[in-house]
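# Reading the structure
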Amino acid sequence: MANQLPILTRNVLATKGIEVAEYTDEIRPAFNRMDVGQVYGFKHVKDSSLRAVKSMFEKDSFYEKKWSVIGMDPIEKVIYVKRVS
């Protein structure tokens, strides 16, 4: 499937030199706290909910702030998001 996210685990991220700033299950407060370049791990959240909040925050900032969903860990049920700008 073309829409599947890359599989990422804590070990894969560490190997790539990516540090996860925080693991959380609260989407909106975490998007407010994220700084440019930070990666957050969202535990036990629906992909559709995460993408909806991401879209809303980007629109609210008139696309000055952008986030990227970089992958997921299907076993731990974590979706990793990075603030790009």
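See above for the structure.
What comes next is a walk through the structure.

Parameters and conventions
- Residues numbered from 1 in each chain as written.
- Predicted model: local features only at pLDDT ≥ 70, side-chain atom pairs only at ≥ 80, totals over all residues.
- Heavy atoms only, no water.
- Helix = DSSP H or I, 4+ residues; strand = E, 2+ residues; numbered from the N terminus.
- Rg over C-alpha atoms; globule rule 2.2 N^0.38 Å.
- Lys, Arg positive; Asp, Glu negative; His and termini not counted.
- Charge placed at Lys NZ, Arg CZ, Asp CG, Glu CD.
- Salt bridge = Lys/Arg side-chain N within 4 Å of Asp/Glu carboxyl O.
- Phe/Tyr/Trp six-rings, centres within 6.5 Å; stacked < 30°, edge-to-face > 60°.
- Buried < 20%, exposed > 50% of the residue type's maximum accessible area, 1.4 Å probe, protein only.
- Lys NZ or Arg CZ within 6 Å of the ring centre and 35° of its normal.
- Expected span 1.5 Å × (residues − 1).
- Arc of directions from axis to C-beta.
- Contact = heavy atoms within 4.5 Å.

What follows deals with the overall build of the protein. Across its full length, the protein holds 3 helices and 4 strands. Secondary structure elements of the protein, listed N to C terminal, follow the sequence α-β-α-β-α-β-β. Over its C-alpha trace the protein gives a radius of gyration of 12 Å, about what one expects of a compact globule, namely 12 Å for 85 residues. Principal axes of the C-alpha set define a box for the protein whose edges measure 35 × 25 × 25 Å. Averaging the coordinates of the 14 positive side-chain charges in the protein and doing the same for the 11 negative ones gives two points 4 Å apart.

So, on to the pattern of salt bridges. Tallied over the entire structure, the rule returns 3 salt bridges. With a shortest N-O distance of 2.7 Å, arginine 33 and glutamate 22 are connected by a salt bridge. Of this pair, arginine 33 sits in helix α2 (residues 27-33) while glutamate 22 sits in strand β1 (residues 20-24), and the two are 11 residues apart along the sequence.

In total, this model carries 6 aromatic pairs according to the counting rule given. Ring centres 5.5 Å apart and planes at 35 degrees place the aromatic pair phenylalanine 31 and phenylalanine 57 in the tilted group. With a gap of 26 residues between them, phenylalanine 31 in helix α2 and phenylalanine 57 in helix α3 (residues 47-60) connect regions that are remote in the sequence. Here phenylalanine 31 and phenylalanine 57 have matching classes, each one buried. Put simply, the rings of Phe31, Tyr40, Phe42, Phe57 and Trp67 pair up and form one aromatic cluster. Lying across the ring of tyrosine 23, arginine 10 places its NZ or CZ 4.4 Å from the centre.

Taking 1.5 Å as the rise per residue, α3 with 14 residues should run 20 Å; its terminal C-alpha atoms sit 20 Å apart, in good agreement. When α3 is considered as a whole, its buried residues turn out to be Leu50, Val53, Lys54, Phe57 and Glu58. End-on, the buried residues of α3 take up no more than an arc of 135 degrees, which puts them together on one face. Exposed residues on α3 whose side chains face more than 90 degrees from its buried face are Ser48 and Asp60. On its buried side, α3 packs onto α2, β2 (39-43), β3 (67-73) and β4 (78-83). A positive backbone phi angle near 55 degrees is found at phenylalanine 62, which sits one or two residues after α3.

Below, the discussion takes up the environment of lysine 82. Here lysine 82 is to be found in strand β4. Apart from the residues within four sequence positions on either side, lysine 82 is in contact with Met34, Gly37, Gln38, Val39, Lys66, Trp67, Ser68 and Ile70.

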